[in-house]
Amino acid sequence: MGLFWRRKTGDQFVTLGLNEPEPRSAADEAVRPVQVPVAEHGSEKVERETVPAAAAAIEPVMTGAGPTPPAAEASRPQNSSDAAVSRKMETPVSTEAKRSSTRKEAVPSRSPFATSVLGLNLSLEELQAQEAALEQEFSARFRRAVSATRESLSEKIDTVFAGRKQIDDELLDQLEEALIAADIGVPTTLEILETVRRGVARKQINDLEALKQAIKNELLKILQASQNQGVASETNVPEDVLPYVMMIVGVNGVGKTTTIGKLAQRIKAEGNDVLICAADTFRAAASDQLAIWAERTGVPLIQQKQGTDPAAVLFDSLKAAKARGSEVLIVDTAGRLHTKSNLMAELEKMKRVAAREVAGAPHETLLVVDAVTGQNGLEQARQFLKVAGVTGIVLTKLDGTAKGGIAVAIAKELNLPIRYAGIGEKVDDLVVFNAEQYVEGLFA
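Residues numbered from 1 in each chain as written. Predicted model: local features only at pLDDT ≥ 70, side-chain atom pairs only at ≥ 80, totals over all residues. Heavy atoms only, no water.

Sheets are built from strands paired through backbone hydrogen bonds, the pairs being either parallel or antiparallel. Ordered in space as 7-6-8-5-9-10-11-12, the eight strands form an open sheet in which the pairing is mixed. Two strands bound the open sheet, and with one partner strand each, they are strand 7 (301–302) and strand 12 (430–432). As defined by bridge partners, strand 11 (residues 418–422) adjoins strand 12 across three bridges and the pair is classed as antiparallel. When the sheet's bridge partners are listed, Gly422 is paired in strand 12 with Leu430. (Pairing = 2+ DSSP bridges. Helix = DSSP H or I, 4+ residues; strand = E, 2+ residues; numbered from the N terminus.)

Attention now moves to the pairing of strand 8 (residues 328–332). Taken residue by residue, a regular strand's side chains alternate between the two faces of the sheet. Of all five residues making up strand 8, five are buried, and the element is well covered by its neighbours. Covered by surrounding structure in strand 8 are Val328, Ile330 and Asp332 together with Leu329 and Val331, the residues of both alternating faces. Two elements, strand 5 (residues 244–249) and strand 8, share five bridges in a ladder whose sense is parallel. For Met246, the partnering residue across the bridge sits in strand 8 and is Ile330. The pairing of strand 6 (residues 274–278) with strand 8 spans five bridges and is classified as parallel. By the bridge assignment, Ala278 is partnered in strand 8 with Asp332. (Buried < 20%, exposed > 50% of the residue type's maximum accessible area, 1.4 Å probe, protein only.)

Time to look at the side chain of Asp370. One can find Asp370 in strand 9 (residues 364–370). On the basis of relative accessible area, Asp370 is assigned to the buried category, the value being 7%. Within the local environment of Asp370, its side chain forms a polar contact with the side chain of Lys397, the two groups lying 3.1 Å apart. If we skip the residues at most four places from it in the chain, Asp370 touches Gly253, Val254, Thr396 and Lys397. (Polar contact = N/O pair within 3.5 Å; in protein donor to acceptor, adjacent residues only side chain to side chain. Contact = heavy atoms within 4.5 Å.)

These values are about where atoms sit, not about what they do.
As structure tokens, this is what we get:
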């Protein structure tokens, strides 16, 4: 799955030049400019000067043997006072040498930073290995999240085929029931079965494995086609457009606040400055819940008292984000029933305010859908799509339902990409939705 937030990639971290010193030739060292600090002289300041590195580093070099002390001094015995003076002169030198040696041992070989969320203390190979390990971990967790759907769908398909030697109309009818029971949806199911029937007629599908492969191909085709609409990646917005504004919409109870907290945590963990805007001023508990998540993740929260105009809170948040140089602003919105006209007018006003302050904002409007609600969640999505300008879907609680086929139904009927999936209760249990891994997980 790679990085969670791809507007700042791992390659950019390691090209800052802080991981390993770049090899330089003798000619490069001779002309490398060195900045001389500004020195104050009375009321005037001496300007910085650029001098060649070689000139700045010139020190007198001793050649040959050192001067021989006179014989009289060399042979003269030292008295006690001379010995004491000698010891006093030697002690600072010895102590300083020890300190210098200690300092040299304490300095790391590659970077003065012991740890870094950006990976500045790691080499390119170490970063790549770390990213590969994380990708494998999240891939495994993602597959486990859809295991309930996999067991439901695969077991039903296996049951349909049990004891049968050929594919007939009765088998296809039972297969239709199995797909609909997994919440893949009637239109999508009929389309898949039409493809299967053509394959059977052409003798391309004649056993269980061929049937499963045909279904997998159709599901993957639907999920990939949905990425042609909406916003499939945050990299579509130029990197110089800051902050990147994400507006989160959805009815109460689908996990909207939790999703915002997890988004903030994962984006921040990759070295981005994140800000949360609590624009759901209609429900007092919404701000309290966001405050808990903001404290847990260490992300600043902009909020005002209950009843404040949400557009005003968003305006203040945009100003704060630009002042602090935040790269991402996540905006919570009211989760009242989607049929309320005042909520829709509220959303429209917020979008106008965002667009006036930041070019193209909001850059994403993500609708949070509870996978457990199945087709009811799909109906909510249809209503929001009419008025909120939704650009993508966040599918929560994917690990808690045997009807995870709703992901396919949403992609097919709404023609919108599924951007993220909630796969657990932990703060990092939010992953980028991967169509290939999802389909493979259904039949693993």
